[in-house]
Amino acid sequence: MSYFLGVEVKQTEEGIYMLQKKYAEEILSRFRMKDCKPISTPIEAGMKLKADSDREPVNPTLFKSLVGSLRYLTFTRPDIMFVVSLISRYMEHPKQDHFSAAKRILRYIKGTISHGLFYTHSQDSRLIGYADSDYSGDVDDIHSRSSVYMSSDLFMRGKVHRDSLQFDPEIEKTAKKNRKQAKQRKQEESSGSKPHKELVMATNN
């Protein structure tokens, strides 16, 4: 295992596992959340934050430090990318509800501290897209927000770290389908026929 700039890299025969467990532990300790109660989601369902919140202000320096630490953690944690980007919009004048949302992320990290990215050795990588939209969901400017996450099935095929990596059932179902299609394409290539490749896009609008 190698460790560089907060990123741990473990190489095995099955593939490469990248995580920031030690860095995540340092964040929890720095913001006095080392003994917090873990939760299963980084953001509360249906939560809406707004800039002109009537909650009490919090220390901007403290909030910026927390958000900056979480931003660096997204290097191997795409599962917190959305909520970290969300709270980043309130760094200039943070309020208590913004800080509470940030602390919830820490509680989520506490329960998923060994999560990371696992890249397996594959001769037939596959690009998968995940998209979501929230039409007119911004309470500050009434704008619609959308996000797209593109990934390869490489890190979704690992089994060696299944005890520490958790997948959404629907995503894992899609991954299994993609692996089956990849196997069929490989068989087609072996038989000399031209394989059919497609981009899979999963949406939830």
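Some thoughts on the side chain of Thr74
Right, so step 1: Within the element layout of this structure, Thr74 appears in the loop between α2 (60-73) and α3 (81-87).
Right, so step 2: Those residues within four positions of Thr74 in sequence are excluded, and the remaining contacts are Ile80, Met81 and Val84.

Notes on the packing of helix α1 (residues 21-30) against α2
Right, so step 1: Contact pair α1 / α2: the axes reach a minimum separation of 10 Å and the direction vectors enclose 165 degrees. By the angle class used here, α1 and α2 are roughly antiparallel. The interaxial crossing formed by α1 with α2 has left-handed handedness. Mapping the contact onto sequence places Tyr23, Ala24, Ile27 and Arg30 in α1 and Ser69, Tyr72 and Leu73 in α2.
Right, so step 2: A per-class count over the contact of α1 with α2 returns five nonpolar, one polar and one charged.

Things to note about the packing of aromatic side chains
The way to describe two aromatic rings as a pair is by their centre distance and the angle between their planes.
Right, so step 1: This structure, assessed with the given rule, holds two aromatic pairs.
Right, so step 2: Geometrically, the ring pair formed by Tyr17 and Phe118 is edge-to-face, given 6.2 Å between the ring centres and 80 degrees between the ring planes. With Tyr17 in strand β3 (residues 15-19) and Phe118 in strand β4 (residues 116-120), this residue pair connects regions lying 101 residues apart in the sequence.
Right, so step 3: Given a relative accessible area of 2%, Tyr17 falls into the buried group.

Some words on the pairing of β4
Right, so step 1: Buried residues dominate β4, accounting for four of its five residues.
Right, so step 2: Bridge count between β3 and β4: five bridges; the pairing is antiparallel. In the sheet register, Leu19 faces β4, and the bridge partner there is Gly116.

A few points about the nonpolar core
Right, so step 1: One finds Leu70, Ile80, Ile87, Ile105, Leu106 and Ile109 to be the most contacted residues of the largest nonpolar core, which totals 30 residues.
Right, so step 2: Put simply, the parts of the chain that give this core at least two residues each are α1, α2, α3 and α4 (96-111).
Right, so step 3: Looking at this core element by element, the count peaks at seven residues for α4.

Considerations on the confidence of the model for the protein chain
Right, so step 1: When pLDDT is averaged along the protein chain, the result is 76, and 62% of the positions lie at 70 or above.
Right, so step 2: Note that residues 153-168 has pLDDT below 50 and, in this model, 41 contacts with residues that lie over four places away or in other chains.

Here's the deal with the environment of Leu127
Right, so step 1: Along the polypeptide, Leu127 turns up in strand β5 (residues 127-134).
Right, so step 2: Using a relative accessible area of 45% as the deciding quantity, one classes Leu127 as partly exposed.
Right, so step 3: C-alpha separation for the pair Leu127 and Val200, spaced 73 residues apart in sequence, amounts to 7.1 Å.

Rules used in this analysis
- Residues numbered from 1 in each chain as written.
- Predicted model: local features only at pLDDT ≥ 70, side-chain atom pairs only at ≥ 80, totals over all residues.
- Heavy atoms only, no water.
- Helix = DSSP H or I, 4+ residues; strand = E, 2+ residues; numbered from the N terminus.
- Contact = heavy atoms within 4.5 Å.
- Axes fitted to C-alpha atoms, helices over the stretch in contact; angles between N-to-C directions.
- Parallel < 35°, antiparallel > 145°, perpendicular 65-115°, else oblique.
- Left-handed = near helix turned anticlockwise from the far one by under 90°.
- Nonpolar A, V, L, I, M, F, W, Y, C, P; charged D, E, K, R; others polar.
- Phe/Tyr/Trp six-rings, centres within 6.5 Å; stacked < 30°, edge-to-face > 60°.
- Buried < 20%, exposed > 50% of the residue type's maximum accessible area, 1.4 Å probe, protein only.
- Pairing = 2+ DSSP bridges.
- Core = buried A, V, L, I, M, F, W, Y, C linked by side-chain atoms within 4.5 Å.
- pLDDT = per-residue confidence, 0-100.

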